[in-house]
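Structural characterization, general
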Amino acid sequence: MMTFEARHKLTYGLDYKGNVCGDKHAHPGLHQLELKYWLNPNQVYQSGVKDSQFKLSNARSICLLDCPTPLEDSLSWVCDYPEGDIHLSMDDWIDRNYDYYEILTLGMKNASLQLQGPCYPVIFPSVNVYWSCQYIARASNASLRHWKQMGGVDIKEDIVVDKSIHSFINSRSSVLKRYMADIGKAWPVLIVCGGLLPLFLSVVWLLMIRYFVAAMPWITVAFFNILIITVTVFYYLKAGWIGNDAISPIIGDHDPYMHVFGRELNHLRAAAILMTFVMVLSILTSIAIVRRILMGTSVLKVAAKVIGEVQALIIFPVIPYSILAIFYMVWISAALHLFSSGQVVQNNCNTNCCAYDLLSEKVNCDHCCGYSIRYTPHIAVAIFFHLFGCYWATKFFIACSSTVIAGSVASYYWTRGETSSEVPVLPVFDSMKRLIRYSLGSVALGSLIVSFVESIRFILESFRRKLKVTETTPDSWFGKMVYHTSQGCLSCVEWTIKSVNRNAYIMIAITGKSFCRSSAIATELIMNNILRLVRVNVIGDVILFLGKLFVSLSSAVFGFLVLDTHKYSSGHNKLSSPLLPVLVCWTLGYVVATLFFAVVEMSIDTLILSFCQDSEEHEGTAQFAPLLLMETLNEQNDMQRLTQ
């Protein structure tokens, strides 16, 4: 319920009293009145005039059930909420199409003809655009003629009436709120396509690696290319470049000749262009690695043998998956509350916008300022830390899962794959116990360092690109200094991330040492065995990366298919854009795939690092390596293949 209220506040606008449209607790009761309508067309016009001090947020607006349209043979009115001497219930007011002009006193009618209310003429047709009534700059000639015959003041007929509301609806803050509301509406899709589907596909992929290891690299590459083409085509469809299925900001039935576009469509088109480049690059990369896939197959065979021997590894990722699922549900709920936690306050303005007050029974010019949701700087900081906390928590759970898997595989390696008195029958659970008892702090520190450093990299990269774009004076020594300094910092950050990666968690599981010490040991082992590792590890990582993309792209495709149904493309649950929910499905699918694919990934890396350490400790000859691993990592064969 609380999540619904938060989404409600993000989706609908405020009336001139500061009520959220559709709020059943508002006075008067606005339950089901979810559309925001601006009563005075001249105020809408004035807010759209260039350099005007009047803002649309200060214009008189009320909440309606549907957008009013002009009549062909008479003049229709939309009157203010019934109160004071207007003895009508809200239901009667709605049944009368918000029109009680005929029961007004003479003074009220004169004020209405001056566009001061309490009733206002419906001169322009309007359409429901994201739960706000968008004026269409196409005045009804019949209604305008009746208005002039009654002695009404001049009403501005200009495209500015259209553009003013359009600009308000498509402001960056409004689009961001709608995107967050989309997440709240699409939560069943996120659970199914972002959680359950990648879980099923990841388990199936692990089982196929176990039993059909030779065919899996080819299957993964083929399906990956098919899926990335499918996602790109979906973006083109929703962007309107293929077919007639483009997203529309208009909710409900409307004139088919009426076209209204918003920022969401531009974002989809940008995503379609980006996916086109990614698709072309991915296909070319897949073609380039086809000849080297056989090299990666031998490494996957070793991992498949380990998974077959330590069968609990296939089931183990369900534990961190369940923890992450609960965490994400709580996190998304908290995010919706944070984005909707602004305070409804009256604007500060010096505008003279007189309107008839039904309670005081006179025209009032004192309280003309509208209401808006004001966010404090503390909320912005809280949102930033909330996002960073999600990223860190995700890294932490993945690191814990990786460390447990590495400990299990290391136990398998150092006992030559045999059960001994020193290694328990269930190495996975023993590895979990060691993590909780000895290594939890090291893993938390490592995930924090990686999250913090990657955040700095993102900020520096954005800063560097902005400098590159805005730098117009090539001889500016300050600009060059800042630009090259940011490049140097980025290089340091890249080196840190490459050093402080999953190899440190592997050495934590093998040696039990602290995070920093384990990272140093892992880096030294890799540098001493770089030639041996290049061929084996790179191709294996590419295949596994394509596998993760295969699972996450499948989640995105199914998310697109579900969000394209009638439930999410029309009516109350209509999404402003499928872009963010699909990206969230893609991200969640990738995180879930990372948890499960870590079984293979960490198995390979743990076996390789264990082999390298085994060789270091026994003067270049590994003593504990299984036969299949010895054949794969035989140094003489490696050198011959590298030379070829």
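Residues numbered from 1 in each chain as written. Predicted model: local features only at pLDDT ≥ 70, side-chain atom pairs only at ≥ 80, totals over all residues. Heavy atoms only, no water.

1. With respect to the overall build of the chain
For clarity, the cut-off: By definition, any uninterrupted DSSP run of H or I lasting at least four residues is a helix, any uninterrupted run of E lasting at least two residues is a strand, and each is numbered from the N terminus. With a 1.4 Å probe rolled over the protein chains alone, any residue whose accessible area is under 20% of its type maximum counts as buried; one over 50% counts as exposed, and the rest are partly exposed. In what follows, residue pairs with any heavy atoms lying within 4.5 Å of each other are defined as contacts. Note on areas: Shrake-Rupley with a 1.4 Å probe; residue coverage comes only from the protein chains shown.
Counting its regular elements, the chain contains 23 helices and 10 strands. Looking at the chain as a whole, 52% of its 644 residues qualify as buried. Here the analysis covers contacts within the chain between residues at least 6 apart in sequence; of these, 75% occur between residues at least 24 apart. Total accessible area on the chain is roughly 31,100 Å²; 61% of this is exposed by carbon and sulfur atoms.

2. A look at the packing of helix H7 (residues 172-185) against helix H8 (residues 187-211)
The angle between the axes and the distance between the axes are what describe a pair of packed helices. Just so we agree on the cut-off: To obtain an axis, a line is fitted to C-alpha atoms, over the contacting stretch when the element is a helix, and the angle between two such axes runs from 0 to 180 degrees between their N-to-C directions. An angle below 35 degrees is read as roughly parallel, one above 145 as roughly antiparallel, one from 65 to 115 as roughly perpendicular, and any other as oblique. Lys, Arg, Asp and Glu make up the charged group, whereas Ala, Val, Leu, Ile, Met, Phe, Trp, Tyr, Cys and Pro make up the nonpolar group; the residues left over, Gly among them, are polar.
One can describe the packing of H7 onto H8 by two numbers: an axis separation of 4 Å at closest approach and a directional angle of 65°. Here H7 is positioned roughly perpendicular relative to H8, judged by the angle of their axes. Between H7 and H8, the residues in contact are Ile-183, Gly-184 and Lys-185 and Trp-187, Pro-188 and Leu-190, respectively. The class makeup of the residues in the contact of H7 with H8 is four nonpolar, one polar and one charged.

3. Examining the nonpolar core
The nonpolar side chains of a soluble globular protein tend to be buried, and buried together. Cut-off, in case you're wondering: Remark: nonpolar core denotes a set of buried residues (Ala, Val, Leu, Ile, Met, Phe, Trp, Tyr, Cys) joined through side-chain atoms within 4.5 Å.
Counting 116 residues, the largest nonpolar core has Trp-205, Tyr-235 and Val-600 as the members making the most contacts within it. Those residues in contact with Trp-205, other than ones at most four positions away along the chain, are Met-216, Thr-220, Leu-544, Gly-547, Phe-550, Phe-597 and Val-600. With 63 residues, the next largest nonpolar core counts Ala-26, Leu-64, Trp-93 and Leu-144 among its residues.

4. Quick notes on the UniProt feature "transmembrane region" (unreviewed entry) in the chain
The condition is simple: UniProt positions are given in the numbering used here, feature names are shortened, and annotations may be inferred rather than shown by experiment.
When the UniProt feature table is mapped onto this chain numbering, "transmembrane region" (unreviewed entry) sits at residues 186-209, 215-237, 268-290, 310-331, 435-460, 542-563 and 579-600. Span residues 186-209 is 96% helix and 0% strand, its end C-alpha atoms 33 Å apart. Across residues 268-290, helical content stands at 96% and strand content at 0%; the span's end C-alpha atoms are separated by 32 Å.

5. What about helix H17 (residues 502-511)?
Where burial is concerned, most of H17 is hidden: seven out of the 10 residues are buried. Positive backbone phi, approximately 75°, marks Gly-512, located one or two places after H17.

6. Notes on the packing of helix H13 (residues 318-339) against helix H21 (residues 579-617)
Quick note on the threshold: Crossing handedness: left-handed means the near helix sits turned counterclockwise from the far one by under a right angle, and right-handed means the same turn made clockwise.
Put simply, H13 and H21 touch, their axes get as near as 9 Å, and they point 155° apart. Put simply, H13 runs roughly antiparallel to H21. For H13 against H21, the interelement crossing comes out right-handed. Each of Val-318, Pro-320, Tyr-321, Leu-324 and Tyr-328 in H13 lies in contact with H21, whose residues at this interface are Leu-588, Val-591, Val-592, Leu-595 and Phe-596. Grouping the amino acids of the contact of H13 with H21 by side-chain chemistry returns 10 nonpolar, no polar and no charged.

7. Some points on the packing of aromatic side chains
Selection rule: Here is the rule: rings of Phe, Tyr and Trp (six-membered ring for Trp) pair when centre to centre is within 6.5 Å. Planes less than 30 degrees apart are stacked, more than 60 are edge-to-face, and the remainder are tilted.
Tallied over the entire structure, the rule returns 21 aromatic pairs. Between Tyr-16 and Tyr-81, the ring centres sit 6.2 Å apart and the planes meet at 15°, which makes this aromatic pair stacked. Linking Tyr-16 in the loop between helix H1 (2-11) and strand E1 (35-38) with Tyr-81 in the loop between strand E3 (77-79) and helix H3 (90-95), this pair joins segments that are 65 residues apart in sequence. The residues Tyr-16 and Tyr-81 share a single accessibility class, namely buried.

8. Concerning the pairing of strand E5 (residues 126-129)
Operational definition: Being paired, for any two strands, means DSSP has found at least two bridges between them.
With burial as the criterion, each face of E5 is covered, one bearing Ser-126 and Asn-128 and the other bearing Val-127 and Val-129. For E5 and strand E6 (residues 132-135), the ladder comprises four bridges, and the chain directions are antiparallel. Directly across from Ser-126, in E6, lies its bridge partner Tyr-135. Count of turn residues in the E5/E6 antiparallel hairpin: two residues, of which Tyr-130 carries a positive phi of about 50°.

9. A look at a nonpolar patch on the surface
What counts is decided by this rule: Only residues whose relative accessible area exceeds 30% and that take part in no salt bridge are eligible for patches, with like-charged residues grouped when within 9 Å of each other and nonpolar side chains (Val, Leu, Ile, Met, Phe, Trp, Tyr) grouped when within 5 Å. Any carboxyl oxygen of Asp or Glu within 4 Å of a side-chain nitrogen of Lys or Arg constitutes a salt bridge here.
Residues Trp-187, Ile-191, Val-192, Leu-196, Ile-326, Met-329 and Val-330 make up a contiguous nonpolar surface patch of about 690 Å² in total accessible area. Sorting the residues of the nonpolar patch by element identifies H8 and H13 as the ones contributing at least two each. Broken down by element, the nonpolar patch gets its largest block of residues, four residues, from H8. Residue position: Ile-191 is located in helix H8.

10. Overview of the state of the cysteines
Basically, it comes down to this: Pairs of cysteine sulfur atoms within 2.5 Å are what we label disulfides.
Per the stated rule, a full pass over the model turns up three disulfides. The residue that forms a disulfide with Cys-21 is Cys-63, at a sulfur-sulfur distance of 2.0 Å. As the torsion about the S-S bond is roughly -75°, the Cys-21-Cys-63 disulfide counts as left-handed. Separated by 42 residues along the polypeptide, Cys-21 in the loop between H1 and E1 and Cys-63 in strand E2 (residues 61-64) bring together distant segments of the chain. The residues Cys-21 and Cys-63 share a single accessibility class, namely buried. Free of any disulfide, Cys-193 has its nearest cysteine sulfur in Cys-585, 5.2 Å distant.

11. Re the environment of Lys-395
Among the structural elements, Lys-395 can be located in helix H14 (residues 377-414). Distance from Lys-395 to Gly-446, taken between C-alpha atoms, is 9.1 Å for residues 51 residues apart in sequence. Residues in contact with Lys-395, not counting those within four places in the same chain, are Ser-447, Val-450, Ser-451 and Glu-454.

12. Remarks on the side chain of Lys-548
Put simply, the test is: Nitrogen and oxygen atoms within 3.5 Å of one another constitute a polar contact, given that in protein one can donate a hydrogen and the other can accept it, and given that sequence-neighbouring residues count only through two side-chain atoms.
Tracing the backbone shows Lys-548 in helix H19 (residues 530-563). Accessibility expressed as a relative area gives 7% for Lys-548, which makes it buried. In terms of polar contacts, Lys-548 uses its side chain to reach the side chain of Glu-601, at 3.2 Å. Not counting the four nearest positions on each side in its chain, Lys-548 is found in contact with Tyr-590, Ala-593, Thr-594, Phe-597 and Glu-601.

13. Some points on the pattern of salt bridges
As enumerated under the stated definition, the model contains eight salt bridges in all. Between Lys-17 and Glu-83 there is a salt bridge whose closest N-O contact spans 3.2 Å. Within this pair, whereas Lys-17 is found in the loop between H1 and E1, its partner Glu-83 is found in the loop between E3 and H3, the two being separated by 66 residues in sequence. Looking at Lys-17, the relative accessible area reads 26%, which means it is partly exposed. Here Lys-238 ties to Asp-564 by a salt bridge, and the two come within 2.7 Å at their closest N and O atoms. One end of the pair, Lys-238, is in helix H9 (residues 216-239); the other, Asp-564, is in the loop between H19 and helix H20 (566-569), with 326 residues separating them in the sequence. By relative accessible area, which is 9% here, Lys-238 ends up buried. Salt bridges sharing common partners tie together Lys-238, Asp-245 and Asp-564.

14. Overview of the environment of Ala-270
Relative to the helices and strands, Ala-270 is located in helix H10 (residues 263-289). Through-space distance from the C-alpha of Ala-270 to that of Tyr-235 is 9.4 Å; in sequence the pair is 35 residues apart.

15. Concerning the environment of Asn-364
Structurally, the position occupied by Asn-364 is in strand E9 (residues 362-364). Sequence spacing of Asn-364 and Asn-352 is 12 residues, and the spatial spacing of their C-alpha atoms is 9.9 Å. Among residues more than four places away in sequence, those in contact with Asn-364 are Cys-354, Ala-355 and Asp-357.

16. A closer look at helix H6 (residues 160-169)
Among the residues of H6, those classed as buried are Val-160, Val-161, Asp-162, Ser-164, Ile-165 and Ile-169. Tucked inside the fold, the buried residues of H6 contact E1, helix H2 (41-48), E5, E6 and H7.

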